[in-house]
Every structure is written in C-alpha cells, then in structure tokens.
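So you can see what is in the structure, the chains are spelled out below.
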Amino acid sequence: MRLTQKTKFFFRYFFVGILCAISQSAYAEFRSVISPKTILFEAPSATTKKVYLVGEGYPLEVIVNLGDWLKVRDPYGALSWAESKNLQSKRTVIVKVDKANIHKEPESKSALIATIEKDVVIELSDPLITNGWIKVRYQQDLDGYIQTSQVWGI
C-alpha cells in the first residue's frame with residue numbers, strides 16, 4: 001500500500017513537471033534588432049564566420065541565451081548567433097505572404113488601412129492574439145490589425 005502511494009506521488013509530480021516544461025516551451029521569446037545593421041555569426045564569437053547582415057527592427061526568435069550572445073532563428077528558419085547588445089525586447093513581426101492586409105478592427109470585413117508586401121517589418125503594438133489577429137503599427141501612424149497567419153514573430 002505504501003509503495004502505491006509513493007508511486008502515485010511520483011507520477012503526479014512527474015506529469016506536473018512535464019506539463020510545466022511543455023507550457024514554457026510553447027512561448028517563444030522574440031526580440032528585434034536595435035541597430036541599423038547587425039551581423040549574425042556562425043558561432044557565439046565575433047571572430048567566427050559572419051553569415052547574415054540584418055537591419056533595424058528585424059525580428060529574431062531567441063533559442064539560447066548565453067548572456068552576451070544569443071542563438072537566434074530568423075523568419076526563414078536559419079540559426080545563427082547575435083550579440084545580445086544588438087537586440088531589444090521591442091517586438092516586431094515580418095510579413096511572410098506576398099500581400100498582407102492591415103484592417104481597422106480584428107476582422108476581415110473591417111475597413112482596410114494598408115496592404116503590406118512580403119518581408120516588410122511591422123511594429124507589434126500588442127502581442128495578445130484576438131481570434132487570430134494581432135494589433136500592429138505601420139509607419140508610425142497607422143494602427144490596425146493583421147492576421148497572425150500572415151506574419152512571423154508571434
């Protein structure tokens with residue numbers, strides 16, 4: 001009887017631990033490039049091969065944080081390393097479809113504010129997803145909503 005109680009106790013906390021790990025991994029950490037030009041490297045050192053040059057606002061997903069260096073994934077799935085001083089917590093997204101529409105409200109029947117081309121970076125105003133829509137700001141004065149399926153960085 002005592003072994004059964006210990007077994008139940010073990011499995012209960014084992015599954016709670018697994019659920020916590022899964023829920024933590026379900027939330028990706030994104031940052032954006034703060035400087036006008038940032039070099040992405042092959043490894044966490046400025047002496048290694050330079051693999052990409054990205055511009056201000058470009059969104060990157062943080063995979064590993066080593067303090068001064070971050071292993072990041074870009075919108076196309078490529079992995080590289082960036083100096084953490086070149087990234088900020090301000091969130092942006094990048095359009096991943098040929099043309100994406102920004103609407104006044106989070107619904108496709110709402111007034112159309114702008115149509116954005118593929119690979120354009122847009123400021124994320126609010127990361128809260130509302131029925132598949134997120135709030136964005138485009139060109140400092142256009143606030144609206146875009147479908148999450150049309151952008152990368154959420």
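Everything below is about the structure shown above.
Since the model is a prediction, treat every value here as computed from it, not as a measurement. (Residues numbered from 1 in each chain as written. Predicted model: local features only at pLDDT ≥ 70, side-chain atom pairs only at ≥ 80, totals over all residues. Heavy atoms only, no water.)

### Describing the overall build of the protein
Here is step 1 of the chain: Looking only at helices and strands, the protein features 1 helix and 14 strands.
Here is step 2 of the chain: Within the span of the protein, comprising 154 residues, buried residues form 32% of the whole.
Here is step 3 of the chain: Contacts in the protein between residues at least 24 apart in sequence constitute 49% of all its contacts with a sequence separation of at least 6.
Here is step 4 of the chain: By element, 53% of the accessible surface of the protein is carried by carbon and sulfur atoms, the whole surface being about 9,900 Å². (Helix = DSSP H or I, 4+ residues; strand = E, 2+ residues; numbered from the N terminus. Buried < 20%, exposed > 50% of the residue type's maximum accessible area, 1.4 Å probe, protein only. Contact = heavy atoms within 4.5 Å. Areas by Shrake-Rupley, 256 points an atom, 1.4 Å probe, with all protein chains shown as cover.)

### Section: the pairing of strand β8 (residues 92–95)
Here is step 1 of the chain: Burial along β8 is two-sided: T92 and I94 and V93 and V95, pointing in opposite directions, are all buried.
Here is step 2 of the chain: Here β8 pairs with strand β11 (residues 121–130) via 3 bridges, running antiparallel. Its bridge partner being in β11, I94 is matched across the sheet by V121.
Here is step 3 of the chain: As paired strands, β8 and strand β14 (residues 151–152) are joined by 2 bridges and run antiparallel to one another. When the bridges of β14 are listed, V95 appears paired with V151. (Pairing = 2+ DSSP bridges.)

### Thoughts on the environment of L40
Here is step 1 of the chain: If you trace the backbone, L40 turns up in strand β2 (residues 37–41).
Here is step 2 of the chain: The class of L40 is buried, set by a relative accessible area of 1%.
Here is step 3 of the chain: Beyond its immediate sequence surroundings of up to four residues, L40 is in contact with K49, K50, V51, Y52, V54, L60, V72, S80, W81 and A82.

### Describing the environment of P106
Here is step 1 of the chain: As for its position among the elements, P106 is in the loop between β9 (99–103) and β10 (112–117).
Here is step 2 of the chain: Accessibility expressed as a relative area gives 26% for P106, which makes it partly exposed.
Here is step 3 of the chain: For P106 and I146, which are 40 residues apart along the polypeptide, the C-alpha to C-alpha distance reads 7.2 Å.
Here is step 4 of the chain: Apart from residues no more than four positions distant in its own chain, P106 is found in contact with T130, W133 and Y145.

### Here's the deal with the pairing of strand β1 (residues 29–33)
Here is step 1 of the chain: Counting buried positions along β1 gives 4 out of 5 residues, so the element sits mostly inside the fold.
Here is step 2 of the chain: In terms of strand pairing, β1 meets strand β4 (residues 59–65) through 4 bridges, oriented antiparallel. Paired with E29 across the bridge in β4 is V62.
Here is step 3 of the chain: Pairing of β1 with strand β7 (residues 87–88) involves 2 bridges; the strand directions are antiparallel. When the bridges of β7 are listed, S32 appears paired with Q88.

### A look at the pattern of salt bridges
Here is step 1 of the chain: Within the structure shown, the criterion is met by 5 salt bridges.
Here is step 2 of the chain: In this structure, the salt-bridge partner of K99 is E117, at a minimum N-O distance of 2.8 Å. Of this pair, K99 sits in strand β9 while E117 sits in strand β10, and the two are 18 residues apart along the sequence.
Here is step 3 of the chain: Taking relative accessible area as the criterion, E117 reaches 42% and is therefore assigned partly exposed. (Salt bridge = Lys/Arg side-chain N within 4 Å of Asp/Glu carboxyl O.)

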